[in-house]
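# Commentary on secondary and tertiary structure
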2 protein chains.
Amino acid sequence: MDETATTATTPTHDLTGAEALVRTLADCGVEVCFANPGTSEMQFVDALGRTGLLRCVLGLFEGVATGAADGYARMAGKPAATLLHLGPGLANAGANIHNARKARTPMVNLVGDHASRHLAYDAPLTSDIAALAKPLSDWVRTAGSAATIASDGAAAVAEAMAWPGRIATLIAPGEAGWDQGATLADPLASRGPRALGEADLQAAVTALQAPGQTVLFVGGPALASADTLALLAGLAAKTGAEVLAPTSNPRIERGRGRAAIERLPYAIDLALERLSHIERAILIGVDQPVGFFAYPGKPSLMLPEGAEVLTLAAPDQDGREAVTVLAERLGVTPLIPADAPEPEAPAPGELTPETLATAVAAALPEHAIVIDEGITAGRAVWPATAGCPPHTWLALTGGAIGIGPPLALGAAVACPERPVVAIQADGSAMYTIQALWSQAREGANVTTVVLANRRYDILRHELFKVGANPGPQALSLLDIGNPALDFVALARAQGVEASRVTCPAALAHAIAASVRKPGPQLIEAVLP
Amino acid sequence: MDETATTATTPTHDLTGAEALVRTLADCGVEVCFANPGTSEMQFVDALGRTGLLRCVLGLFEGVATGAADGYARMAGKPAATLLHLGPGLANAGANIHNARKARTPMVNLVGDHASRHLAYDAPLTSDIAALAKPLSDWVRTAGSAATIASDGAAAVAEAMAWPGRIATLIAPGEAGWDQGATLADPLASRGPRALGEADLQAAVTALQAPGQTVLFVGGPALASADTLALLAGLAAKTGAEVLAPTSNPRIERGRGRAAIERLPYAIDLALERLSHIERAILIGVDQPVGFFAYPGKPSLMLPEGAEVLTLAAPDQDGREAVTVLAERLGVTPLIPADAPEPEAPAPGELTPETLATAVAAALPEHAIVIDEGITAGRAVWPATAGCPPHTWLALTGGAIGIGPPLALGAAVACPERPVVAIQADGSAMYTIQALWSQAREGANVTTVVLANRRYDILRHELFKVGANPGPQALSLLDIGNPALDFVALARAQGVEASRVTCPAALAHAIAASVRKPGPQLIEAVLP
């Protein structure tokens, strides 16, 4: 870091802890704060306003802040800060922190607390914030005082940036923010990826030259590199290995001119079938494939019993480097196979999950960021868009539905020059529907396509797996069509332009018009 | 419990753990389940549907389920069950669990988890649910197997009902629900209130006869008993003691024919001023008054330094009994002071917080249940409604905003014959706006009055306390008017009839019309 620059921003007045923390976060490279503050965070609101060093994005619910911080970091490659209100604010933020943690996204959560001397008296908002933060975070610290909070903040950023990314939560008791006498802290170095093992590299090389069907199971940052994907395609072509990614991934680069990658199916029977002939797996940046859920009488691990499992790069190692070295040793060069066919015009007829996918594919612009919380009704969009112009694909990584609208917001804040197209299931959308308001407020170029099938369709499938003959009361718990939700009204009520479409051509037209126009739009695609 | 009744419901087929649990919960008196289930809870959805023993109310977000369970239990005097989806579902539910815990509401949370054998593999939805549940709950247990889950459920209900009420969280690994070979469990006795201390009673009697200004600081179930409130008024009249309740309380019975009770002001300076002359406090069902938040240079405890503090009944003792015994020993009989004046017609002119209060008061029907999440703009409603027909007042107890819409839903489910009138701040409404959909689905007779001032007004007050001169960026983080939220559209989009009013007469008319008509309505009261 540039000492001069740090010194140059040092104010001459007596610093509060809050101002020292905000200035230090900025010095550490944090540029955005997604906030839903309360009384115990007013000193930070004041410091954010006073310094103007961070862009502040307000959410009307804490899950909006953390979901947006996830989307921002996946695209920006560095953490945003969130500002949350004591234990309940952290709880509300928790589901999307969970998703971010599973994505290994860097995130710095700043959670206000009462002044330390107040905690003994069980005020209404008192709770054990550290205990709540621990299962949600990789690193938790409670700031001791205004004198140390800036160095705590620098440590939080460094911990969040530890490769490939972690959840760092800093709890700030009142006095640590409002007391004076604080000093700025210098940025700290982050821990990079753990070095690859030579024995692991040799074992992988040997395995790829041995008989028996091998799969390269690849996840994490490797999928965000088009170069790595091209090397993987080269490895597959030369060795006969297959290449597979997990069902859900933080970020994949794909589309025309890029080597496509196949994902393991979500449904357990399809996943087991897909891997049934595999004799050996080489893991790159990810653990071995596991069922999304457990089911009676079905295995937890998806590889066939007896299959050999080699870890070339664990999640805390650099999968991109692993692929590069592997390719070098096997004399493999990048390969970009023939592109999938370019999408044609949207299919005629009514909207179904399949025809909807043709409409999205026909309209998807170059360099789009696709947000995938399409769940059941959106499954056809992935294959349909393989031949689209190059784009980036961000998915729900932790299974906690309700990340789509904030993830889109965060991606748009990170990349204001790129259109964001969100494929959004209706049931999932309702968990964080408040994010539409933040999209409008920020003028985010997000086009949300709501797949309105008016039921928790994925759960209907799951229920039939456990209940031979579910009755109407059980099914009614999975039916969100009574009353029908009007997503056009929900969007307009929050300042987002919206329309409803019932045929693929109209959907494609609406998407194309929306991505060209600044600001957010929502398109309710009514499915049968 | 009636053994015969339990036996009569015993099915003859081989029981799954899920069915045994649901049947046992019903045997223990649980009648309602507020649910937002996922795949890991499908065996419970199946069992709920199969048995038909519990009324199932679906929420589109977990905070709706727990907020509604709180409102239900405050009115029904017994717990509802909630059904939540793993760690992220519990996190989403957490803010309103926090509120319920501060209200000492009985609640039974059932949280699904993966099958135990699946937990080793870090599937996307895997998290440490027990660690997350502990800071939110008074009692946490992970069901060991299908053979024991029903007795775990009976224990959960007994723990929830331990006086005056607790949060019991039961985590159900997949196999504990879907395995067969389960048996029903008998209901267990709950722990009643801890006995009053004779020395404490004598000390209170002595104190009330001694010189010096005494305050009876009363909270918890005592406030939900009109008889207890009348005895408190008698005690005050006879001894010169003052009677005060905390700022926010789970349930107060009030209105014409009932002894009114004063609440401690929220604002710290007003609270300190109100108590400045107090020399002695007798605590009944509550801890001593503490600041809602801590502020630089202001005390945490609200009583003057040196004031004597006597605990007659701690929160785990029976405050109603304490008041009864105290009254007997001092020869005090119930007193119902003259009623406050009956509300007049709504004030003329524009809507302001004060004129809005006159409109609510003019329209409030007999036996209404008032939900108070009015925050800043709703403060005038409490005094204005003192002379209204008898009604019940439920407030935000834990300071975690976003309980109003679900609390109203739960109260309406518990008391379908009583109109619910919710005084709802706009900023707070957005945290759980999805509850409107459940209100519509259940046909709940809820009239929600949204106080649309389009800013986090309470935070503006707080910000000015820490920032001498907050700039536009800080203020913008407290401004929710850009873009303006359209609550009429948000309601209609979820199947709730809605209207917008801009004058007190129209507001009173709309409230009166809504309470007479079945089903929910929302009235957006536009404030300057």
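These numbers were taken from a predicted model, which means no experiment stands behind them.

Let us now look at the overall build of chain A. Looking only at helices and strands, one finds 21 helices and 18 strands in chain A. Against the compact-globule benchmark of 24 Å for 528 residues, chain A has a radius of gyration of 24 Å, which places it among compact chains. Each principal axis of the C-alpha distribution contributes one length, and for chain A these read about 65 × 60 × 45 Å. In chain A, which comprises 528 residues, the share counted as buried stands at 63%. Long-range contacts, defined as pairs at least 24 residues apart, comprise 81% of the intrachain contacts of chain A with a sequence gap of at least 6.

When you tally the buried positions in helix α3 (residues 42–51) of chain B, you get nine out of 10 residues, the bulk of the element. Among the residues trailing α3 of chain B, glycine 52 of chain B stands out with phi positive, at a value near 65°.

So, on to the sheet that holds strand β2 (residues 55–58) of chain A. Residues and elements named next belong to chain A. Across the sheet, which stays open at both edges, the six strands sit in the order β2-β1-β3-β4-β6-β5 with parallel pairing between neighbours. Since the sheet does not close on itself, it has two edges, and those belong to β2 and β5 (139–142), each with one partner. With strand direction ignored, the average angle separating the axes of adjacent strands in the sheet is 20°. Bridging between strand β3 (residues 81–85) and strand β4 (residues 107–113) involves five bridges; their strand directions are parallel. Directly across from leucine 84, in β4, lies its bridge partner valine 111.

Below, the discussion takes up helix α17 (residues 435–442) of chain B. Residue and element names in this part refer to chain B. The buried fraction of α17 amounts to seven of the eight residues, a majority that puts the element mostly inside the structure. Residues of α17 that are buried: Ala435, Leu436, Trp437, Ser438, Gln439, Ala440 and Arg441. Just downstream of α17 lies glycine 443, where phi reads positive at about 60°.

Listed per partner, the contact involves 96 residues of chain B and 97 residues of chain A. Buried area between chain B and chain A, summed over both chains or domains, comes out near 7900 Å², and the portion from carbon and sulfur atoms is 66%. Linking chain B to chain A there are two salt bridges. In this structure, the salt-bridge partner of lysine 102 of chain B is aspartate 122 of chain A, at a minimum N-O distance of 2.6 Å. Inspection of the region where chain B meets chain A yields 35 residue pairs in polar contact (both at pLDDT 80 or more). At the level of elements, α3, β2 (55–58), α5 (86–103), α6 (129–133), α17, α18 (457–466), α19 (472–476) and α20 (487–492) of chain B are the ones that each hand at least two residues to the side of chain B that touches chain A. For the side of chain B that touches chain A, the per-class residue count stands at 54 nonpolar, 29 polar and 13 charged.

With that out of the way, let us pick up the sheet that holds strand β7 (residues 214–218) of chain A. Residue and element names in this part refer to chain A. The five strands lie next to each other as β10-β8-β7-β11-β12, forming an open sheet whose pairing is parallel. Every interior strand has two partners, whereas the edge strands, β10 (262–263) and β12 (308–313), have only one. Each of β7, β11 (280–284) and β12 is contacted by helix α12 (residues 319–329), which is oriented at about 105° to β12, the strand it contacts most.

Here we take up the packing of helix α10 (residues 226–239) of chain A against α12 of chain A. All names here are of chain A. At a closest axis distance of 10 Å, the pairing of α10 and α12 adopts a crossing angle of 40°. Taken together, the axes of α10 and α12 lie oblique to each other. As α10 runs across α12, the sense of the crossing is left-handed. Listed contacts from α12 to Thr228, Leu231, Leu232 and Leu235 of α10 are Arg320, Val323, Thr324, Leu326 and Ala327. For the contact of α10 with α12, a count of residues per class yields six nonpolar, two polar and one charged.

Further remarks concern the relation of the copies chain B and chain A. Placing chain B over chain A gives an RMSD of 0.0 Å and needs a rotation angle of 180°, together with 0.0 Å of translation along the axis. In short, the pair behaves as if placed about a two-fold rotation axis. Taken together, the interface assignments show that 100% of the residues at the interface of chain B recur at the interface of chain A, consistent with an identical surface on both copies.

In this structure, the amide linkage connecting tryptophan 163 of chain A to the following residue, proline 164 of chain A, adopts the cis form with an omega of -5°. Relative to the elements of secondary structure, proline 164 of chain A occurs in the loop between α7 (149–161) and β6 (167–173). The omega torsion of the bond from asparagine 482 of chain B to proline 483 of chain B falls at 0°, within 30 degrees of zero and hence cis. Tracing the sequence through the fold places proline 483 of chain B in the loop between α19 and α20. Backbone geometry places histidine 367 of chain A, a non-glycine residue, at a positive phi of 65°.

Among the nonpolar cores identified, the biggest contains 255 residues, and Phe34 of chain A together with Phe34 of chain B are the most heavily contacted of them. The next biggest cluster of nonpolar side chains, apart from the first, holds 64 residues, and it includes Leu310, Val332, Val449 and Leu507 of chain B.

Inspection of the secondary structure puts serine 514 of chain A in helix α21 (residues 504–516). The residues contacting serine 514 of chain A, other than those within four sequence positions of it, are Asn445, Thr447 and Gln521 of chain A.

All right, on to the pairing of β7 of chain A then. Residue and element names in this part refer to chain A. A large share of β7 lies buried, amounting to five of its five residues. The side-chain alternation of β7 yields two buried faces, one formed by Thr214, Leu216 and Val218 and the other by Val215 and Phe217. Note: β7 against β11, five bridges, orientation parallel. Each bridged residue has a counterpart across the sheet, and for leucine 216 the counterpart in β11 is isoleucine 282. In this sheet, strand β8 (residues 242–245) lies alongside β7 in parallel orientation, the contact comprising three bridges. Directly across from valine 215, in β8, lies its bridge partner glutamate 242.

The description of an aromatic ring pair rests on the distance of the ring centres and on the angle between the ring planes. Per the counting criterion, the structure on display carries 11 aromatic pairs over all chains. Ring geometry for phenylalanine 61 of chain A versus phenylalanine 61 of chain B: centroids 5.3 Å apart, planes at 90°, classification edge-to-face. Of the two residues, phenylalanine 61 of chain A is situated in the loop between β2 and α4 (62–76) and phenylalanine 61 of chain B in the loop between β2 and α4 (62–76); the pairing between them involves two chains. By relative accessible area, which is 1% here, phenylalanine 61 of chain A ends up buried.

Turning our eyes to something else, we now look at the pattern of salt bridges. All names here are of chain A. One pass over the structure, following the stated rule, counts 54 salt bridges over all chains. Here glutamate 31 makes a salt bridge to lysine 78, at a shortest N to O gap of 2.5 Å. You can see glutamate 31 sitting in the loop between α2 (17–27) and β1 (32–35) and its partner lysine 78 sitting in the loop between α4 and β3, a full 47 residues away along the chain. According to the relative accessible area criterion, glutamate 31 is partly exposed, its value standing at 44%. Glutamate 198 serves as the salt-bridge partner of arginine 329, at 2.8 Å between the closest nitrogen and oxygen. Residue arginine 329 is found in helix α12, and its partner glutamate 198 is found in helix α9 (residues 198–209); the two are separated by 131 residues along the sequence. The exposure class of arginine 329 is partly exposed, given its relative accessible area of 38%. Residue class for glutamate 198 comes out partly exposed when judged on its relative accessible area of 38%. Look at the salt bridges and you will find they share partners, linking Arg454, Asp486, Arg500 and Glu524 into a network.

Before going further, it helps to examine the packing of helix α2 (residues 17–27) of chain B against helix α7 (residues 149–161) of chain B. Residues and elements named next belong to chain B. Where α2 meets α7, the axes come as close as 8 Å, and the angle between the chain directions of the two elements is 30°. Classified by the angle their axes make, α2 and α7 are roughly parallel. Considering only the axes of α2 and α7, their crossing is right-handed. Side by side, α2 and α7 meet where Gly17, Ala20, Leu21, Thr24 and Leu25 of the first sit next to Ile149, Ala150, Gly153, Ala154 and Val157 of the second. Partitioning the contact of α2 with α7 into residue classes produces seven nonpolar, three polar and no charged.

This part is about the environment of leucine 477 of chain B. Within the secondary structure, leucine 477 of chain B sits in the loop between α19 and α20. Judged by relative accessible area, which is 1%, leucine 477 of chain B ranks as buried. Along the chain, leucine 477 of chain B and arginine 460 of chain B lie 17 residues apart, while their C-alpha atoms are 9.6 Å from each other. Setting aside residues no more than four positions away along its own chain, leucine 477 of chain B makes contact with Ala35, Val45, Cys56, Leu58 and Arg441 of chain A together with Tyr456 of chain B.

Right, let's get into the confidence of the model for chain A. All names here are of chain A. Mean pLDDT over chain A: 95, with 97% of residues reaching 70 or higher. Between residues 1–8, whose pLDDT stays under 50, and residues either more than four places distant or in other chains, the model counts six contacts. Scoring the predicted complex yields pTM 0.97 and, for the interface, ipTM 0.96.

Cut-offs applied
Residues numbered from 1 in each chain as written. Chains lettered and ligands numbered in written order. Predicted model: local features only at pLDDT ≥ 70, side-chain atom pairs only at ≥ 80, totals over all residues. Heavy atoms only, no water. Helix = DSSP H or I, 4+ residues; strand = E, 2+ residues; numbered from the N terminus. Rg over C-alpha atoms; globule rule 2.2 N^0.38 Å. Buried < 20%, exposed > 50% of the residue type's maximum accessible area, 1.4 Å probe, protein only. Contact = heavy atoms within 4.5 Å. Pairing = 2+ DSSP bridges. Axes fitted to C-alpha atoms, helices over the stretch in contact; angles between N-to-C directions. Buried area = accessible area lost by both parts, 1.4 Å probe. Salt bridge = Lys/Arg side-chain N within 4 Å of Asp/Glu carboxyl O. Polar contact = N/O pair within 3.5 Å; in protein donor to acceptor, adjacent residues only side chain to side chain. Nonpolar A, V, L, I, M, F, W, Y, C, P; charged D, E, K, R; others polar. Parallel < 35°, antiparallel > 145°, perpendicular 65-115°, else oblique. Left-handed = near helix turned anticlockwise from the far one by under 90°. Least-squares fit on C-alpha atoms with pLDDT ≥ 70 in both. Core = buried A, V, L, I, M, F, W, Y, C linked by side-chain atoms within 4.5 Å. Phe/Tyr/Trp six-rings, centres within 6.5 Å; stacked < 30°, edge-to-face > 60°. pLDDT = per-residue confidence, 0-100.

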